[in-house]
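# Breakdown of the fold
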Amino acid sequence: MMLEVAALGPNGPYRSRRRLTVPDATGTAAVDLSCVPGLVLADWVRTLRSAEPVPPDEARAVLAKAADVFEAQDVLGDSLPAHELRVATLTGTPLPVVRECDAMITAKLRDVGRVLDLATPAGAGTDVGGLRRGAVWCRRGEVFGVNAAGNSPGVHALWLEALALGYRVVVRPSTRDPLTAHRLVTALLSAGLPQDRLVLAPGDHVTADAVVEQADRVLLYGGQAVVDRYRDRADVLTQGPGRSKLVVDGDHRTGLDLAAAGVLYHAGTACTATTGVLVTREHRRFAADLADALRGTSTAAPWQDDATLPAMPVEQAEALVADVLARVEPRQVRLAPRVERVGGTGAAVLTPAVVELDDPRDPLLGHEVPFPCAFVAPFDRSEPDPLSGSLVVSFDTDDHDLVRWAVDHPLVSNAYVGHPTSWLHADVPHDGFLSEFLMRCKGFARTDRQDPAAETSRSGR
């Protein structure tokens, strides 16, 4: 029996006549998802826009309480462990990855104020009550729209910052994984967030376009075509291909550890997973050694505790493998990806691939697929341009000038030294702080006679 998942609007659960059937990793119909029509979405956004922002202290308290609800309350009949198993089975995301992502979400719920404080300019205030002159940190709009990705449940940790900043939020979850967003929104509402501050609006690409047009600020996930479409929209923040790269300029053993960790991170589907490896010496030997290191990766089914690799219907997996192999010559393939069937379920696990390139400017260095796949190329430190356009560049090097080049380059978002590209820390922005997109500084000043504090002093109260 399929699981029915309703939208969550300002007046509670919403069940539409428009439905989407979501298949699981075996190709079997698993979720019956209500779709929100465009006119209904427009009405919901008007309701959100007319609602007052939740005060910052109150918002942070509600988010912290929601973490407890997320972990302890049954949603759609599932406890948290049952929910995580269902998400792994639905999406093909390894169960350990789902668990890690849910832990990221609850950690952000409990400590969202920390990252907001880090992102607020040191000279800016958030309240004009006692301010005579200076900068005020203000929202750029009132309604924040999220068109979420389905490659990782962890994407839902980011938009929580908008709620804490007073935005009213509309979330259009990925049709691949509507369950994580549904559980999170349910937890927030159960924790006391008013229904007219947050809605869950599942739907197709028409719904996604409506979110972009209705909201004041939008976080949008997608491929290169999506990035290109919205490149010139200042009100849209795109999260596209990561094209994260590792530069190996030191001992190959250290570099291999960094590469293997980055390539396998979140089953190779995260934007911070390593896809390009640039090696200053003996890149062919490095490619062969990396292939050996990845060859024994567990092929356990995604719903098992030792799962590492993504799963999907067999036909989809075979098409992905064929596409990768069609792009390269046989001599370049150091580790060929395989389609490992999961019993008689109809699902298959995709094993890692390692491809050797002759030129760091080969377009394949930036090619991304939804399973662990690394392209290894030679690298000349005096010509660092192939690193441009990367979400993360990780370095195994003592060349401080090269690291400085990456830090200064406008098209490199993050630079790490001695960490894999997949490294995360709560104090380190993912792709800049989200607050940079949501907020701005405004100048403010008042004369002494208009100072509320001064008036109170003069009146003796």
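Coordinates for the structure precede this section.
Here goes a summary of the coordinates provided.

What counts, and where the lines are drawn
- Residues numbered from 1 in each chain as written.
- Predicted model: local features only at pLDDT ≥ 70, side-chain atom pairs only at ≥ 80, totals over all residues.
- Heavy atoms only, no water.
- Helix = DSSP H or I, 4+ residues; strand = E, 2+ residues; numbered from the N terminus.
- Rg over C-alpha atoms; globule rule 2.2 N^0.38 Å.
- Buried < 20%, exposed > 50% of the residue type's maximum accessible area, 1.4 Å probe, protein only.
- Contact = heavy atoms within 4.5 Å.
- Areas by Shrake-Rupley, 256 points an atom, 1.4 Å probe, with all protein chains shown as cover.
- Pairing = 2+ DSSP bridges.
- Axes fitted to C-alpha atoms, helices over the stretch in contact; angles between N-to-C directions.
- Polar contact = N/O pair within 3.5 Å; in protein donor to acceptor, adjacent residues only side chain to side chain.
- Salt bridge = Lys/Arg side-chain N within 4 Å of Asp/Glu carboxyl O.
- Right-handed = clockwise from strand over helix to strand, strands pointing away.
- Disulfide = S-S within 2.5 Å.
- Parallel < 35°, antiparallel > 145°, perpendicular 65-115°, else oblique.
- Nonpolar A, V, L, I, M, F, W, Y, C, P; charged D, E, K, R; others polar.
- Phe/Tyr/Trp six-rings, centres within 6.5 Å; stacked < 30°, edge-to-face > 60°.

Another point: the overall build of the protein chain. Along the backbone of the protein chain there are 14 helices and 23 strands. In terms of overall size, the protein chain behaves like a compact globule, its C-alpha atoms giving a radius of gyration of 24 Å where 461 residues would be expected to give roughly 23 Å. Projecting the C-alpha coordinates of the protein chain onto the three principal axes gives extents of approximately 85 × 60 × 35 Å. Here the protein chain holds 461 residues, and the buried ones make up 54% of them. Pairs at least 24 residues apart make up 71% of the contacts formed inside the protein chain by residues separated by at least 6 positions. Only carbon and sulfur atoms are counted for the fraction: they give 50% of the accessible area of the protein chain, which is about 19800 Å².

We now examine the sheet that holds strand β18 (residues 347–350). Here three strands make up an open sheet; going across it, the order is β15-β18-β17 and the pairing antiparallel. Single-partner strands in this sheet number two, and they are β15 (311–313) and β17 (339–341). Pairs of neighbouring strands in the sheet enclose a mean axial angle of 40 degrees, with direction left out of account. Note: β15 against β18, three bridges, orientation antiparallel. Opposite P313, over in β18, you have A347 as the bridge partner. Against the sheet, helix α11 (residues 314–326) makes contact with β15, β17 and β18, and its axis sits at roughly 110 degrees relative to β15, the strand it touches most.

This part is about the environment of L165. Inspection of the secondary structure assignment puts L165 in the loop between α5 (160–164) and β9 (168–172). What makes L165 buried here is its relative accessible area of 16%. For the pair L165 and R60, spaced 105 residues apart in sequence, the C-alpha separation works out to 9.2 Å. Aside from chain neighbours lying at most four places away, what touches L165 is L116, R139, S435, L438 and M439.

Examined against the element boundaries, D292 turns out to sit in helix α10 (residues 283–295). With 27 residues separating them along the chain, D292 and A319 place their C-alpha atoms 24 Å apart. A polar contact of 2.5 Å, which involves the side chain of D292, links it to the side chain of R295.

The next thing to look at is the pattern of salt bridges. According to the stated counting rule, one finds 37 salt bridges in the structure shown. We note a salt bridge from R285 to D289, for which the minimum N-O separation is 3.5 Å. In this pair, R285 and D289 both sit in helix α10, four residues apart, roughly one turn of the helix. When salt bridges that share partners are traced, they join R284, E329, R331, R334, E356 and D358 into one network.

If you check the backbone angles, L76 has positive phi at about 55 degrees while not being a glycine. By the secondary structure assignment, L76 is in the loop between α2 (56–72) and α3 (80–91). Under the relative-accessibility criterion, L76 is labelled partly exposed at 31%. Here the phi dihedral of A267 falls at roughly 60 degrees; this positive angle occurs in a residue that is not glycine. Inspection of the secondary structure assignment puts A267 in the loop between α9 (252–264) and β14 (274–279). Judged by its relative accessible area of 2%, A267 is buried.

So, on to the pairing of β14. Most of β14 is tucked away: six of the six residues are buried. Sheet analysis places strand β13 (residues 244–248) next to β14, joined by five bridges and oriented parallel. The residue bridging K245 from the neighbouring strand is G276, located in β14. As for the winding sense of the linkage, the β-α-β connection from β13 through α9 to β14 is right-handed. Here four bridges tie β14 to strand β20 (residues 373–378), and the two strands are oriented parallel to one another. The partner of G276 across the bridge, within β20, is F375.

In this section: the state of the cysteines. Note on terminology: a disulfide is the covalent bond linking the sulfur atoms of two cysteines. Summed over all chains, the structure comprises zero disulfides. Unpaired in terms of disulfides, C138 finds its nearest cysteine sulfur in C441, a separation of 8.0 Å.

The next subject is the environment of D398. Relative to the helices and strands, D398 is located in the loop between β21 (390–396) and α12 (400–408). For the pair formed by D398 and A148, sequence separation is 250 residues and the distance between their alpha carbons is 38 Å.

Bringing the packing of α2 against helix α4 (residues 95–119) into the picture now. Direction vectors running N to C along α2 and α4 enclose 170 degrees, while the axes themselves pass 8 Å from each other. Of the possible angle classes, the one that applies to α2 and α4 is roughly antiparallel. Residues R60, L63, A64, A66, A67, D68, F70 and E71 of α2 touch α4, and the partners they reach there are D102, I105, T106, L109, R110, V112, G113, L116 and D117. In terms of residue class, the contact of α2 with α4 is built from nine nonpolar, two polar and six charged.

Considering all chains together, one arrives at three aromatic pairs under this definition. When the centroid spacing of 5.6 Å and the interplanar angle of 85 degrees are considered together, the rings of Y14 and W44 count as edge-to-face. One end of the pair, Y14, is in strand β3 (residues 12–14); the other, W44, is in helix α1 (residues 38–50), and 30 residues separate them in sequence. Of the residues examined, W44 reaches a relative accessible area of 6% and is grouped as buried. Geometrically, the ring pair formed by Y416 and W423 is edge-to-face, given 5.3 Å between the ring centres and 80 degrees between the ring planes. Judged by its relative accessible area of 8%, Y416 is buried. You can call W423 partly exposed: its relative accessible area is 26%.

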